[in-house]
Structure formats: structure tokens, C-alpha cells
Amino acid sequence: MFFQQLINGLSLGALYGLIAVGYTVVYGIVKLINFAHGEIFMSGAFGALTVYLLMGSPAHVSTLFGLCVMLPLMMIGGIIAAVGIALLMERLAYRPLRDAPRLAPLISAIGVSISLQEIFRLFYGRIPGFPDAHAAIRFPDVAGISGVSVRIGGVDVQMSAIFTLAALAVCTAFLWFFINRTRSGRAMIATSQDPATASLMGIDVDRVIMIAFALGAALAAVAGVAHGLRYSNIDFRMGFTAGLKAFTAAVLGGIGNINGAVVGGLVLGVVEAMATTYIPGQFGGSAWKDVWAFVILILVLVFRPQGLLGSKVVDRA
Amino acid sequence: MGLGMRNSVDLAVKQANEQNLVPGWTFVLDAEDDQASADAGKNAATKLAADDEVIGVVGPLNSSVGQSVAPIYNSANIVLISPANTNPSLTKGSDLANPKRQWESYFRTCTTDDVQGPFAAKYAFGAGLTSAATIHDKKTYGQGLVEHFTEGFTADGGTITTAETINPDDKDFSAVISKVKATNPKFVYYGGEYPQAGPLSQQMKAAGLNVPLFGGDGIYDPKYISLAGATSTGDLATSVGAPAAQLPGAAAFVDAYKKAGYSEEYGAYGPYAYDAARAIIKAAAESLKNASSPREARTAEIKAVGQVSFDGTTGKVAFDQYGDAKTRILTVYKVENGTWVPEKTDDFQTGSGSSASASSSASPSASAAS
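Residues numbered from 1 in each chain as written. Chains lettered and ligands numbered in written order. Predicted model: local features only at pLDDT ≥ 70, side-chain atom pairs only at ≥ 80, totals over all residues.

Caption draft 1: Seen up close, the overall build of chain A. When helices and strands are counted, chain A shows 11 helices and 4 strands. Relative to a compact globule of 317 residues, whose C-alpha radius of gyration would be 20 Å, chain A shows 19 Å and is just as compact. The C-alpha extent of chain A, read off along each of the three principal axes, is 55 × 50 × 35 Å. Summarising the internal contacts of chain A: among those between residues at least 6 apart in sequence, 76% fall at separations of at least 24. (Helix = DSSP H or I, 4+ residues; strand = E, 2+ residues; numbered from the N terminus. Rg over C-alpha atoms; globule rule 2.2 N^0.38 Å. Contact = placed C-beta atoms within 7 Å.)

Caption draft 2: Expanded view of the overall build of chain B. What chain B contains, in helices and strands, is 12 helices and 12 strands. Relative to the 2.2 N^0.38 estimate, which gives 21 Å for 370 residues, the radius of gyration of chain B is 22 Å and therefore close to what a compact globule would have. Projected onto the principal axes, the alpha-carbon positions of chain B cover approximately 70 × 45 × 40 Å. Relative to its full complement of 370 residues, chain B shows a buried share of 52%. A fraction of 73% describes how many contacts in chain B between residues 6 or more apart in sequence connect residues 24 or more apart. (Buried ≥ 20, exposed ≤ 12 C-beta atoms within 10 Å, placed from the backbone.)

Caption draft 3: Spotlight on the packing of helix H9 (residues 238-253) of chain A against helix H10 (residues 258-278) of chain A. Residue and element names in this part refer to chain A. Put simply, H9 and H10 touch, their axes get as near as 7 Å, and they point 115° apart. By crossing handedness, the relation of H9 to H10 is classed as right-handed. Residue-level inspection shows Lys245, Ala246, Thr248, Ala249, Ala250, Leu252 and Gly253 of H9 in contact with H10, the latter providing Gly260, Ala261, Val263, Gly264, Gly265, Val267 and Leu268. Split by residue class, the contact of H9 with H10 holds 8 nonpolar, 5 polar and 1 charged. (Axes fitted to C-alpha atoms, helices over the stretch in contact; angles between N-to-C directions. Left-handed = near helix turned anticlockwise from the far one by under 90°. Nonpolar A, V, L, I, M, F, W, Y, C, P; charged D, E, K, R; others polar.)

Caption draft 4: Fine view of the sheet that holds strand E4 (residues 131-136) of chain B. Residues and elements named next belong to chain B. Here we have 7 strands laid out as an open sheet, ordered E5-E4-E6-E7-E8-E11-E12, and mixed in their pairing. The sheet is open, and its two edges are formed by strand E5 (159-165) and strand E12 (339-347), each paired on a single side. Between one strand and the next, the sheet's axes are offset by a mean angle of 25°, whatever the strand orientation. As paired strands, E4 and strand E6 (residues 187-191) are joined by 5 bridges and run parallel to one another. Within E6, the position partnered with Ala132 by the bridge is Phe187. In the packing of helix H8 (residues 194-206) onto the sheet, contacts are made with E6 and strand E7 (213-215), and the angle to E7 comes to roughly 160°. (Pairing = 2+ DSSP bridges.)

Caption draft 5: Up close: the domain arrangement of chain B. Parsing chain B into structural domains produces domain 1 (2-111 + 248-318) and domain 2 (115-240). Each of domain 1 of chain B and domain 2 of chain B was reduced to a C-alpha centroid, and the two centroids are 35 Å apart. (Domains from an automatic or database assignment.)

Caption draft 6: Just the UniProt feature "domain: Leucine-binding protein" (unreviewed entry) in chain B, in detail. Residues annotated in UniProt with the feature "domain: Leucine-binding protein" (unreviewed entry) correspond here to residues 2-338 of chain B. Helix makes up 43% of residues 2-338 of chain B and strand 15%. Its end C-alpha atoms lie 27 Å apart. (UniProt positions renumbered as here; feature names shortened; annotations may be inferred.)

Caption draft 7: Summary view of the confidence of the model for chain A. Residue and element names in this part refer to chain A. Averaged over all residues, the pLDDT of chain A is 89; the fraction at 70 or higher stands at 97%. Within chain A, no element has a lower average pLDDT than strand E2 (residues 149-152), which sits at 84, and none a higher one than helix H2 (residues 37-54), at 95. This model gives residues 312-317 a pLDDT under 50, and the stretch forms 11 contacts once residues within four places in sequence are excluded. (pLDDT = per-residue confidence, 0-100.)

Caption draft 8: Quick peek at the packing of helix H1 (residues 2-30) of chain A against H9(A). All names here are of chain A. At their nearest, the axes of H1 and H9 sit 8 Å apart, and the two run at 70° to each other. The angle between H1 and H9 falls in the class roughly perpendicular. Side by side, H1 and H9 meet where Tyr16, Gly17, Ile19, Ala20, Tyr23 and Thr24 of the first sit next to Ala242, Gly243, Lys245, Ala246, Phe247, Ala249, Ala250 and Gly253 of the second. Taken together, the residues of the contact of H1 with H9 sort by class into 9 nonpolar, 4 polar and 1 charged. (Parallel < 35°, antiparallel > 145°, perpendicular 65-115°, else oblique.)

Caption draft 9: Quick look at the nonpolar core. Leu18(A), Ala82(A), Val222(A), Val188(B) and Ile280(B) are the most contacted members of the largest nonpolar core, which has 203 residues in total. With sequence-adjacent residues up to four places away left out, Ile280(B) is seen in contact with Ile55(B), Gly56(B), Val58(B), Val79(B), Ile81(B) and Val305(B). (Core = buried A, V, L, I, M, F, W, Y, C linked by C-beta atoms within 7 Å.)

Caption draft 10: Representation of the pairing of strand E3 (residues 155-158) of chain A. Residues and elements named next belong to chain A. Sheet topology note: the E2/E3 ladder contains 4 bridges and is antiparallel. Paired with Val150 across the strands is Val157, a residue of E3. Taken together, E2 and the strand that follows it, E3, pair antiparallel across an intervening segment of 2 residues, in which Gly153 is found at a positive phi of about 50°.

Caption draft 11: Spatial organisation of helix H5 (residues 159-181) of chain A. Residue and element names in this part refer to chain A. With 23 residues, H5 should cover 33 Å at 1.5 Å per step; its first-to-last C-alpha distance of 32 Å lies within 8% of that length. Where H5 is concerned, the buried positions are Ser160, Ala161, Phe163, Thr164, Leu165, Ala167, Leu168, Cys171 and Leu175. Buried residues along H5 sit against H1, E3, helix H8 (205-231) and H10. (Expected span 1.5 Å × (residues − 1).)

Caption draft 12: Looking closely at unusual backbone geometry. All names here are of chain B. Pro60 follows Gly59 through a cis peptide bond whose omega is -10°. With a phi angle near 50°, Gln35 is a residue other than glycine that sits in the positive phi range. The topology assignment puts Gln35 in the loop between helix H1 (2-18) and helix H2 (38-49). Accessibility expressed as a C-beta count within 10 Å gives 14 for Gln35, which makes it partly exposed. The residue Asn184 is not glycine, and still its phi comes out positive at about 50°. Residue position: Asn184 is located in the loop between helix H7 (174-181) and E6. For Asn184, a count of 11 C-beta atoms within 10 Å gives the class exposed.

Caption draft 13: Summary view of the interface of chain A and chain B. Across the contact, 26 residues belong to chain A and 27 residues belong to chain B. Elements represented by at least two residues in the side of chain A that touches chain B include exactly H1, E3, H9, H10 and helix H11 (289-303) of chain A. Across the side of chain A that touches chain B, the residue classes break down as 8 nonpolar, 13 polar and 5 charged.

Caption draft 14: Spatial organisation of the pairing of strand E9 (residues 309-312) of chain B. Residues and elements named next belong to chain B. Of the strand pairs in this sheet, E9 and strand E10 (residues 315-318) are connected by 4 bridges, and their pairing is antiparallel. Directly across from Gly312, in E10, lies its bridge partner Gly315. Between E9 and E10, which follow one another and run antiparallel, lie 2 residues.

Caption draft 15: Region of the structure containing the UniProt feature "transmembrane region" (unreviewed entry) in chain A. All names here are of chain A. UniProt annotation of "transmembrane region" (unreviewed entry) refers to residues 6-28, 40-58, 64-88, 161-179, 208-226, 247-271 and 291-309 when read in the numbering used here. Along residues 161-179 one finds 100% helix and 0% strand; the C-alpha atoms at either end are 27 Å apart. Secondary structure over residues 208-226 splits into 100% helix and 0% strand, and the C-alpha atoms at its two ends are 27 Å apart.

Have a look at this one:
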């Protein structure tokens, strides 16, 4: 049971972690809590579904060809949709408010979040041949991942869980490489430490901010596809709860810190899974799992206000 | 659905006039559309209540509309019989442990939600599913369903292996499924609606918990099957009423409805609307006997409806002291080949419910069979 719940928690946490990176990267650079990030995650899932629908809803998505060719195509479609919407959002809703008081972009973010939800709800089904998005939409089953599990030493591990964890590992490795080994990455670190000085040194701050939004969106899109494969359906509201949890994970791990977002996501997922099983009596079970998750968050913040992993990308305060 | 109800009432009215069931009086149907909205329903009700020629009203379809129009008819002393309101609080009040009749003039021919749980329990136990895990979504409907199910199931001798809840906003149920799986239930009883139940069923099967998910009418929806996917085959749901083809006395109604040539189907509630109209007409034979206008007969009509008892389309039509139908027909549906297939239709009698209503044993005009 313990290992079963550990696997459940880690795979749920991997999803949180992938989304949380987007909160943390953007916060690290512009000090904005982008509450529309959950909707970027949702856009990624819808983008992948769109690619599937544009291919004509082929039945052979559930063959090896589907796994090797169509799934990557769907992921690219999801990433394009999410990154596109994120850049548009940054340009239209945040950049004009960059020098405004901090509350203004925050409210703007909430507005973007609601707008994106409603746009998908109202207009996705209007595209000819696309399903009505008022209710949940079935996500295509991909061979070898959807609904398949392997048994390892008495623990049922779903292939979709392995997919999510693998996606997290690949994305984290990519991020580490990008930030520490490329010029753009170093420009990001510099901007997060001191945007004014960075810009004096010839760094294009607007470009760095766009890269930050794009990176977060790409990871959120991967999470969106993983969500679709894992739960077999997506809906216009899926970003709300997931975004809230991912934001919690980012704070738990130390907002602004990329490794912290990943660790925070995993910890949050595992705490939720364990609380479902191991807290007995009236305050246990699935109904209280979120309460325990937030108890852990509060405890961590009381003793380590900077979050689990502190703040590697230094917070200018 | 509403048009099927209107046509069914129209049919009952036409038949009553043809057969001259109430000598000296002719029935006229005045149909109003409540647009499934409490506001529109209120307007229609106010209009009908002001009409001196109205003897009784059949409707509405939605429990929420019933909640807002019942007081209007009640204060005008007009009998209201709903063929489709399934929320128990309309007759018994919100506290089901201490039931209290809400409106003297309100009756219904359909079955209420609160018998779904015990009905499901009985069916499952009879089918050899002797142990269950329960999960609900903490909303009034889901929690009530699970509570009534648990009561009935343990009374029948079944075991509840574990009782869990989920949050309606959750997408990931893997932790609770692993917990349920460890207790080896023969099925999972879920109290809630299809947007959560569909994914729950899908995740159960994917996690290797290959037992049926059993729910109430909240999951009895084609959308449930599309969300749950191919692995939902064998999942079960109860719903009030029955497909007309399976009702014992429905053949005559179905024939007459077809002959009358209505362009809409009679739908799930048509037979219940027909019975409701017939109850009003049968009672009117009593109440209008010595009256000079329908308005004068209204109080007598309410009393007479409370005492009707005849063999209707949906079974015996009679009301208990709360105004609920004494016949409680429910159906278990099963997912087969991607659709809900009726599995078993039965008349469910709760031990306590039927014993307390002595008043309706005298049935005055039941002999006037058509």
C-alpha cells in the first residue's frame, strides 16, 4: 500500500511540478504571480486535442504508430498553442502594466484566466467538427499509455504515471541545461537578479521575459498532454484547480527556484496520496487530503519562509 | 420531454370528454411553458391560479420549478400533480428524518430520489454483489444517496468495506482508488454525478480495480459512458420510473398515444403525466358533482385526489399522506456496448412508508374504469 500510494503521489506530484515551474520562472523574472498559468496548461491540452482532431481523429492513435509519431505531433501542437497564447497574454495583458503597481498585473492575470476559460468554453465547439467544450471532452487513447498498467513487485504502475514522471525528468534536465549552459539562460539569471543592471549590460529584458513565459508554457503544455493521457478527458476548467495546486507547490518549494518547484510538486502530490490512506478517522481520507497538504505548506513556511529549497534565483526584495 | 408530457395530458383530457367521465362537464387543456425556469413557472402559475375555470394542474418537470410554483397553487387551493419532480423535500420537507407535508395541494406520480439508494442495495445484494465500497462527492444529492444506500445495504446483510469521499473539483482519484482496492469490494457505490463518476470509473479500471461502479440517476447519462470509456461496460445506475415498454399497464396508453398522432415522443414522463391527469379527472368526478364552478370545487378536489386509487399506466395510482406516489417504480440500467440498457424494473416498497397511510383505503370512484 505504501509504495502504491508513493507511486500515485509521485505521478500526481510530477504533474504539479511541471505546471509549478511556469509560476516560478515567471515570478523569478518579473515578480508576477501569473494566475492565468493554469489556463496555459489547459490550452496545451486543447492544443494537443486540436492536432488530433485536425488529423481526422484517426483510430490508429491506439497503435505503435500513434505512440511514436502522433503523440509527439500532439505534444508539439500543445506546446505551440500554449506558448502562443502565453506570449500573446504577456504582450497584451502584462507588458503594458509592467511599471504599474504590483496589484494591477495580478488583477489582469485573473482577468486573463477567466477570459481564457470562457473563450475555450464558448468557442471551441464552434469550430466545425470539434466537440462541444461546455462539458468534459474525451482525450484520445494512445497505445501503450492510456489505461495500461504494469505490475512491479505488487504495485500497479500506470503507464501514464511513468509517462508523466519521465516527462518531468526530461523537462527538468532540459531546463537545467538551458538556464546554466546557454546565453539566454544566463541572461535570465542576470535579469532575475537585477533587471536594471542586466539591461545596462545589453540584455534585452523584454526578450528574456518572453523566454520565461514561453518556457513555463511549454512545460505546462507537456503537463496538459500528460493530464489528458492520465485522466482520459479534459475540460475548460481543468486549469483552475491544477493551477492552484501548482502555485502551492511553487511556494512550498520556494517560489523563484526551479528545482524547488519540482520538489514542491512531488512533495505535495505524495502528501496528498499519503494523507488519503494514513490519516485515520474523521479527519482522514480523500476529503481531507487538501487540508493536510496545506497544513504541510503552512508548517514549512513557518520554519522556512523561503520554501524548501530557499531561493537560488535570488529574490530582489 | 415537456411536450411529451403535454401531449399525454391532452390525450387523457380528450379521452375523458369522449367517455364522458364527468357528466355535465367538459375538460379543456390550457398548456403553459415554464421553460424549465422558476421565474417563468411562477408567472404561468400566477396566471393559472387566477383562472376560475382551473380545477387542477399537471406539472412541472423540474424539481426547482416545483419548489417555486407549489406555494402559489397551494394558496389558491388548486391541486398540482407533478409527473416528474423527484426531489424528496417537495413533499416531506428538507429533514427526511422528520417528514412534514409541505403543501396540501401538491402530489406526484413519479418516484422520489430517496428510494434509489435502498433499491440499488437490494438489486446489488440479489445479484451476488455482497460487499461494497462507497464514495460520494459531499454534495446533498450524493451524500443522501450513499446514506440511504448504506442503510439499505447493511440491513440486507451486505458489508461496506470502506466509506470514502472525493472533492467535486478533483481530477485525480488514484489515491482513493488504491485505498478502496485494498479492501477488495465487489462493487463501488458512488453518490454523485457523471462529470466525476465517468473519470472515476475510467481511473478505477485503469488502476486494476475491475469491479462495477454503481450510481444513481446522476450518472444515468450517455455522457457518463463517453467519459468513462470502453471499460465502463458492466457499470450500473438506478433511475426513477421505467421505460414505458416495461410498465405493466402501459400498452393501452402507448397505443392510444400513437393513434392520436402526436409529433413528439411521449418520453420518460409521458405515462406519469397521463396518470396525473387521470387522477385529476377521476377526482373531479367526485368534487364537481355538487359544484357550480371549478373554483368552488377546488377544496373538495384536493381531498378527492388524496383518495384516488386506480390501476394506471405506471402501476397503481394512489398517494400517501405526504402526496407521494405509493407505487415506487425504479429501474436498474447497465452499460452494455456503449449504451445504458434496462436491466431490471421493480416496484420498491419501503417497510415504513406504506403502512402509515390508512386514509386512502376508501376509494370512491375507482369503479369508473375506462
